[in-house]
Amino acid sequence: MQNLRYVGKNLFLEKLSIVNILKKCKTPFYLYSENQIIHNYLKFTKTFKKTNPIVCFAAKSNSNVAILKILGKLGAGADVVSGGELLKALKAGIKSNKIVFSGVGKTEEELKIAINKKILLINCESESEAILVDKIAKKLRKKISIGFRLNPNVDAKTHKKISTGKAENKFGLSIRNFKSFLKDISTYKNIRLDALSVHIGSQILTDAPYKKTLSVMYKLIKQLNLKLKFVDLGGGFGINYSGKEKIINLNKYSNLVNSFSKKLKCGIIFEPGRSIVGDTGVLLSKIQYIKKGSNKSFIILDAGMNDFMRPALYDAKHKIIPVSKVKSKIEGLIEFVGPICESTCKFGTYKNYQKIKENEYIAITNVGAYGSSLSSNYNTRPLIAEILVNKNKLKYIRKKQNLLKLINS
Ligand SMILES: *Cc1c(COP(=O)(O)O)cnc(C)c1O
């Protein structure tokens, strides 16, 4: 996250001092760097320039309409996983011919929206779903372009809760079942198989699983002699959460994808989420109380697991940094926790952290992906604000939810 840095003792995002932002904006809130989003997206498209893929931003990683709009303006499409995300992508001005729809449990209502809005591709994840698409399309007297998401049975070597491409995972259709369905597909007159897709997991840090998937797909397409408009290679590219992780150098993979695309004469779709927005946001939170425990001190924040769920859900580690640095240290252990009545509502343990006091502020870093989009009203807490920084300008892109409205809804 190049746009987040200390100037002297104080943390800045782009050209704004966070101390100053905190004088105007009440915590907790998400704060994003617009120029980091733009940088990440352009870097990704540059890496795959030769292949000229359709880059469908995975809207579930951050579905704020203002952020979808920024990406849409740069030419991004969207990968959506619900009717709601589909309508948000359209609201953000993303063209329907750049929207792909993934997910194992799309309802008839959602499929109808997708068909009526003429999106690029419905990526079916079961035979039954493809048959339902055919049935709806027949009623509407349309022929619908579909993809099949395959489960290539490749280990993404990532956290088991975000692995999606192994046989034991619910996602995609096994190659065996796909082959068998293919024999009957011509009986369904209102669908046309235009694409195959894969998405093997998230926060992937090595290129081996991607290479393996590419070779599985290549062999299959050749063996079955499929003529496809697109192969959708999904997302999953990892980011450097700790500052020490090695992330994939995508240049080699880009060459492989390019020759794959040329040999099979098909277009390529990508669905990156985390790698576009993950390192673009921080969650600002106030230290409400400090309480001594038996072997550590609890730093009780005003942000909770309902605002930011990743540590509780995936054991995710996110660096917590002070908004203003001081030299003196706290001896012993501290644990940052939130107010929610769950023991998993905690954000990280540190040894010899700098001195911090009640009513001071910290930033939880790299929360741009699967942060606000995973938040909830648990404990009847309103959804928090989201604020966007561009150079020295500040803009609310979501107001904090109104508590009375929440109670009365
Ligand atoms: C979640 C998801 C993505 C995005 O994954 P990232 O790890 O955020 O890049 C892409 N495609 C599908 C089908 C998904 O479910």
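For the structure, see preceding data.
All residue numbers refer to position in the chain's written sequence, counted from 1. Per-residue local features of the predicted model are confined to residues with pLDDT of at least 70, and side-chain atom pairs are confined, for both listing and counting, to 80 or more; whole-chain, interface and lining totals are unaffected and use all residues. Each side-chain value is derived from all of the structure's non-hydrogen atoms; neither hydrogens nor water enter the calculation.

## A look at the packing of helix H4 (residues 83-91) against helix H5 (residues 108-116)
Thinking step 1. To obtain each axis, a line is fitted to C-alpha atoms, and for helices this fit is confined to the stretch in contact; angles are then taken between N-to-C directions over 0 to 180 degrees. Helix numbering and strand numbering both begin at the N terminus, where a helix is a DSSP run of H or I of at least 4 residues and a strand a DSSP run of E of at least 2. Orientation of H4 relative to H5, taken along the N-to-C sense of each, is 25°, at an axis distance of 9 Å. Here H5 runs roughly parallel to H4, going by the angle between their axes. As H4 packs across H5, the resulting crossing turns out to be left-handed. For the pair formed by H4 and H5, the contact residues are Gly83, Leu86 and Leu87 on the first element and Glu110, Ile113 and Ala114 on the second. Note on angle classes: values under 35 degrees are labelled roughly parallel, values over 145 roughly antiparallel, values of 65 to 115 roughly perpendicular, and the remainder oblique. Each crossing gets its handedness from the near helix: less than a right angle anticlockwise from the far helix is left-handed, clockwise is right-handed. Working rule for contacts: check all heavy atoms of both residues, and any pair within 4.5 Å makes them a contact.

## Observations concerning the packing of helix H8 (residues 208-224) against helix H9 (residues 250-264)
Thinking step 1. Between H8 and H9, the least distance of the axes is 11 Å, while the angle of their chain directions is 5°. With respect to H9, the element H8 is oriented roughly parallel. Listed contacts from H9 to Tyr210, Lys211, Leu214, Met217, Tyr218, Ile221 and Lys222 of H8 are Tyr253, Leu256, Val257, Phe260, Lys263 and Leu264.
Thinking step 2. Among the residues making up the contact of H8 with H9, the classes are represented as ten nonpolar, no polar and three charged. Amino acid classes used here: Ala, Val, Leu, Ile, Met, Phe, Trp, Tyr, Cys and Pro are nonpolar; Asp, Glu, Lys and Arg are charged; the rest, including Gly, are polar.

## A short note on the packing of aromatic side chains
Thinking step 1. Note on ring pairs: Phe, Tyr and Trp rings are taken, using the six-membered ring of Trp, and paired if centres are within 6.5 Å. Classes follow the plane angle, with under 30 degrees stacked, over 60 edge-to-face and the rest tilted. One pass over the full model with this rule turns up 19 aromatic pairs.
Thinking step 2. What links up through ring pairs into an aromatic cluster is the set Phe44, Phe48, Tyr210, Phe237, Tyr253 and Phe270.
Thinking step 3. The cationic tip of Lys263 hangs over the ring face of Tyr218; the distance from NZ or CZ to the ring centre is 4.7 Å.
Thinking step 4. Taking NZ or CZ as reference, Lys325 lies 4.2 Å from the ring centre of Tyr6, over its face. Either the NZ atom of lysine or the CZ atom of arginine qualifies as a charge over a ring when it sits within 6 Å of the ring centre and within 35 degrees of the ring normal.

## What to know about the layout of surface pockets
Thinking step 1. One number sums up the size of the largest pocket: a volume of about 860 Å³.
Thinking step 2. Lining the largest pocket are 45 residues, and of these Lys60, Val81, Glu85, Tyr314 and Tyr370 lie nearest its centre.
Thinking step 3. Residue composition of the lining of the largest pocket, grouped by class: 13 nonpolar, 19 polar and 13 charged.
Thinking step 4. Detection works on a 1 Å grid of protein atoms alone, calling trapped sets that fit a 1.4 Å probe cavities and calling open sets with protein on both sides within 12 Å along at least five of seven lines pockets, with lining residues defined by an atom within 4 Å of a point. Grid points are joined across faces, edges and corners, and a volume is the space filled by probe spheres set on the points. Here the second largest pocket is characterised by a volume of approximately 710 Å³.
Thinking step 5. Around the second largest pocket sit 28 residues that line it, and Met1, Ile239, Asn240, Ile247 and Asp279 are the ones nearest its centre.
Thinking step 6. Elements with a minimum of two residues in the lining of the second largest pocket: helix H2 (34-47) and H9.
Thinking step 7. Looking at which element gives the most residues to the lining of the second largest pocket, the answer is H2, with six residues.
Thinking step 8. Across the lining of the second largest pocket, the residue classes break down as eleven nonpolar, 14 polar and three charged.

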